[in-house]
Amino acid sequence: MTNPTTEKQWRIIATVDTALCIGDSGSSETGADKSTVKTSDGKLYIPASTLKGIWRHACEAIARSHPHFVCNSPRAENMCPRPKEELEKENTEAMRNDHCIICQIFGSPASESRVFISDLTLGNDLGAETTVIRSGVTINRGRRVAEDQRLYFTETSLPNAGFEFTGDVTISGEISDEQTELLSAGLKYIHAIGSGKTRGLGWLKIEQINRPSDSQEGQSVETDSEGYAELLIKVTLESPILTGGRKPSGQAVEAVNYIRGGLIRGAIAKTWLADLESNEPDADFEQLFLNEDAGIFRNCTPGTKVLPATATGCKDFSGFLADRKHGIFDTLFERIVSEKANWMYQPNCPNPDCGGRVESQGGFYEAATDSYKEKYLNTRLLTRVAINRHRKVAEDELLYHLTAIDPVFVEIEKVNSQEKIKSEKVILRGSARIPSDLVNKVTQTLQQKVKRLGGGSSRGLGKVCIAVDKQQVSDTLSKRIKVFNEGLQAVWKSYADLPNTEIDPFESTYFTINLQSDAILTAEDGWQRSMVLTAPMLKQMTGCETEVTLIRSFASYDYVGGWNAAWRLPKETELVTKMGSVFMFHTPNIDSWMSALQTLENNGIGNRREEGFGQILICDPFHLHTRDMLKQNKEETE
């Protein structure tokens, strides 16, 4: 049985009557001492964290005027839950909850928020400048003249422009009518926001409009005759998103430029448990998340593939030819063949006008019209600070920074010697391998119910729109292996034709395993972590006993931590082999390996594959993009 409670949706319209200034942590191009926050494409907005903070403060002031206990935020040690000794002193049942009414609504260090706020964006379509620079000076109290070296400049929005900022608020169905009334009263209590409120800045009027809940019909996804179906997941970012995890060695939150598969998986699990009346796993939950053959959720990335560790580019002008750089090429074939020929391989830039040094390249890429195109994301540094409730100033030692993926990808193009800003929404693509009988339920959950991912979702971060479709198979494994060996054999022959070169003849079949995500590998002994995928490990993973030899590995390692939201405990620190690593194998009988390799490519390798670790690609076509081919493509384009 599902929970009958439904979410409430509010539309917030804030009309600014005066100039507005919300301090920005980044450097300002205007030269002002204090700049106001803007999006990457230069638009004004009111951060959801700012609105949530002042909204919570307003509700605290109202709640204290009623017979409610309210904890002393913002310091975690003074907030809920309350000790049992204090709860025993309360007389009324309404005050026996270990969380006060404010923490029940807005959350605390031990509980999540039931209110989710989006950034308030500027609705006015303005082509002119929206900000001005204001000057100010401190007055000497004794002499009543301007104080020396106290002139400052502040960037604000245009005064008296009637700017309207709009945003959405989602309220959990678990919230009570009393708490909803408190939220409405708190909005009416807000009269100013941002910096300089006592000096006339940031005065506004807030209007609350109830609106129907979003409804989106689930798209039917076909299933095959096998036990699983491959789904294509497309995530469109509607706000900045925190996708990183906590570094195992410290408190810093790292930033990764993709969405981990574990975030998608956790969002579905949380939604399914919330819909169950007992919050206990049912048969569908166990099949998708707990069984040995559970579903696999792969990472959502900006590009379709990951550059292999053997990819190399010019040190001074790195990038694909499509980006007007000197190009990126793969060195695997020439490295392997030169080692077989006992030659030292030292590549240089293929551009005839450069010929400089090269270095390894990494990141995501996708096929373009002529060659390939690099795909990367912009990040935004967000600064947050808690406000002291009594002094109305920043609380000591509670300033922190967050690095988030920007929802807008901004590029500067030169058109007729003029720079033009081009912006577009960021779309990340991934996939999932789901049991066929759960495809429709998973699709409906992702498209209709999963609206937020990552951390800080109640403060406007992580708002997403997800679409699901059937995964299309572009090429077959057998074709990739065949083309790979033809390319390797061509390079092999070119070396064999060189004078004074002795090299063994090309025999049997070679193949590579390319990591498309970080992998957690375990040695054949079953417990020791390994950075390299060895031949015995490959046999153990696939169950294939046909002879296979590891020819060469190009791998590096890292450590990954994380947080388990269900257990509210840190995840175990793992040694991972980094994405992009390449392992090249040789076998005399590839036919006996085909079925095993196809299963390995579908399911991945190593531990925690259901969270996106261990994604692989057999014989990445980018290995065929050699230095000679790059030079040939460049000559043809010229």
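Note: the structure precedes this text.
Notes on the structure follow. (Residues numbered from 1 in each chain as written. Predicted model: local features only at pLDDT ≥ 70, side-chain atom pairs only at ≥ 80, totals over all residues. Heavy atoms only, no water.)

Taken in spatial order, the four strands of this open sheet run S10-S21-S9-S22, and their pairing is antiparallel. Both edges of this open sheet fall to strand S10 (296-297) and strand S22 (464-470), since each of them pairs with a single strand only. The pairing of strand S9 (residues 228-237) with strand S21 (residues 427-435) spans nine bridges and is antiparallel. Bridge pairing links Ile-233 to Gly-430 in S21. Sheet strands touched by helix H8 (residues 439-448): S9, S21 and S22. Its angle to S22, the strand with the most contacts, is close to 155°. (Pairing = 2+ DSSP bridges. Helix = DSSP H or I, 4+ residues; strand = E, 2+ residues; numbered from the N terminus. Contact = heavy atoms within 4.5 Å. Axes fitted to C-alpha atoms, helices over the stretch in contact; angles between N-to-C directions.)

This part is about the packing of helix H5 (residues 261-275) against helix H6 (residues 283-290). Viewed as axis vectors pointing N to C, H5 and H6 meet at an angle of 165°, and their least axial separation amounts to 11 Å. In terms of orientation, H5 and H6 fall into the roughly antiparallel class. In this structure, H5 meets H6 at a crossing whose hand is left-handed. Along the contact surface, H5 presents Arg-265, Ile-268, Ala-269, Trp-272 and Leu-273, while H6 presents Asp-284, Phe-285, Leu-288 and Phe-289. Partitioned by chemical class, the residues of the contact of H5 with H6 number seven nonpolar, no polar and two charged. (Parallel < 35°, antiparallel > 145°, perpendicular 65-115°, else oblique. Left-handed = near helix turned anticlockwise from the far one by under 90°. Nonpolar A, V, L, I, M, F, W, Y, C, P; charged D, E, K, R; others polar.)

On to the side chain of Ser-157, then. Following the sequence through the fold, Ser-157 ends up in strand S6 (residues 146-157). A polar contact is formed between the side chain of Ser-157 and the backbone nitrogen of Leu-20, at a distance of 2.8 Å. Ser-157 has contacts with Thr-18, Ala-19, Leu-20, Leu-44, Thr-130, Thr-131, Val-132 and Phe-163, leaving out every residue within four places of it along the chain. (Polar contact = N/O pair within 3.5 Å; in protein donor to acceptor, adjacent residues only side chain to side chain.)

A word on the sheet that holds strand S16 (residues 372-375). Taken in spatial order, the three strands of this open sheet run S11-S15-S16, and their pairing is antiparallel. Single-partner strands in this sheet number two, and they are strand S11 (305-306) and S16. Direction of pairing for strand S15 (residues 364-367) relative to S16: antiparallel, over a ladder of four bridges. In the strand pairing of S16, Glu-366 is matched with Lys-373.

Cis geometry marks the peptide bond from Ser-73 to Pro-74; its omega dihedral reads 15°. Assignment of secondary structure puts Pro-74 in the loop between helix H1 (48-64) and helix H2 (84-89). Following Cys-80, the chain continues into Pro-81 via a peptide bond in cis, with omega recorded as 10°. Mapped onto the secondary structure, Pro-81 falls in the loop between H1 and H2.

As a further point, take the packing of aromatic side chains. In total, this model carries 21 aromatic pairs according to the counting rule given. A ring pair is formed by Phe-506 and Tyr-510, whose centres lie 5.5 Å apart and whose planes are at 40°; its orientation type is tilted. Tyr-510 carries the same exposure label as Phe-506, and that label is buried. An aromatic cluster is present here, built from Trp-272, Phe-285, Phe-289 and Phe-297 joined pairwise through their rings. One residue, Lys-441, lies across the ring of Trp-272, its end atom 4.3 Å from the ring centre. Directly above the aromatic system of Phe-116 lies the positively charged group of Arg-452, at a separation of 3.9 Å from the ring centroid. (Phe/Tyr/Trp six-rings, centres within 6.5 Å; stacked < 30°, edge-to-face > 60°. Buried < 20%, exposed > 50% of the residue type's maximum accessible area, 1.4 Å probe, protein only. Lys NZ or Arg CZ within 6 Å of the ring centre and 35° of its normal.)

As a further point, take the pattern of salt bridges. Evaluated as defined, the whole model comprises 24 salt bridges. Residue Asp-168 is joined to Arg-211 by a salt bridge in which the shortest nitrogen-to-oxygen separation is 3.4 Å. A residue pair is termed long-range when its members are at least 10 positions apart, and Asp-168 in strand S7 (residues 164-171) and Arg-211 in strand S8 (residues 204-211) qualify at 43 residues. Note that Glu-230 is salt-bridged to Arg-433, the shortest N-O span being 3.0 Å. In this pair, Glu-230 sits in strand S9 while Arg-433 sits in strand S21, placing the two residues 203 residues apart along the sequence. (Salt bridge = Lys/Arg side-chain N within 4 Å of Asp/Glu carboxyl O.)

Attention now goes to the state of the cysteines. Each disulfide consists of one covalent bond between the sulfur atoms belonging to two cysteines. Inspection of the entire model under this criterion finds zero disulfides. Cysteine Cys-71 shares no disulfide, and the gap to the nearest cysteine sulfur, in Cys-103, comes to 3.4 Å. What makes Cys-71 buried here is its relative accessible area of 2%. (Disulfide = S-S within 2.5 Å.)

Turning our attention to the environment of Ala-367. Tracing the sequence through the fold places Ala-367 in strand S15. For Ala-367, a relative accessible area of 63% translates into the label exposed. For the pair Ala-367 and Thr-304, spaced 63 residues apart in the sequence, the C-alpha separation amounts to 8.3 Å.

Looking now at the pairing of strand S23 (residues 509-515). When a strand is regular, its side chains alternate between the sheet's two faces. In terms of burial, S23 is largely enclosed, as seven of its seven residues are buried. Burial along S23 is two-sided: the residues Thr-509, Phe-511, Ile-513 and Leu-515 and Tyr-510, Thr-512 and Asn-514 are all buried. Bridge count between S23 and strand S31 (residues 582-587): six bridges; the pairing is antiparallel. Pairing of Asn-514 across the sheet is with Val-582, part of S31. In the sheet, S23 pairs with strand S32 (residues 616-618) via three bridges, with the strands oriented antiparallel.

Moving on, we come to the nonpolar core. In this structure, Phe-511 and Ile-513 are the most contacted members of the largest nonpolar core, which totals 47 residues. Examining the composition of this core, we find that seven residues originate from one element, helix H9 (residues 477-496), more than from any other. Not counting residues within four places of it along the chain, the set of residues in contact with Phe-511 comprises Phe-484, Leu-538, Val-548, Phe-583, Met-584, Phe-585, Thr-587, Ile-590, Leu-597 and Cys-619. Counting residues in each nonpolar core, the second largest holds 43 residues, with Val-37, Tyr-45, Ile-105 and Ile-175 among its members. (Core = buried A, V, L, I, M, F, W, Y, C linked by side-chain atoms within 4.5 Å.)

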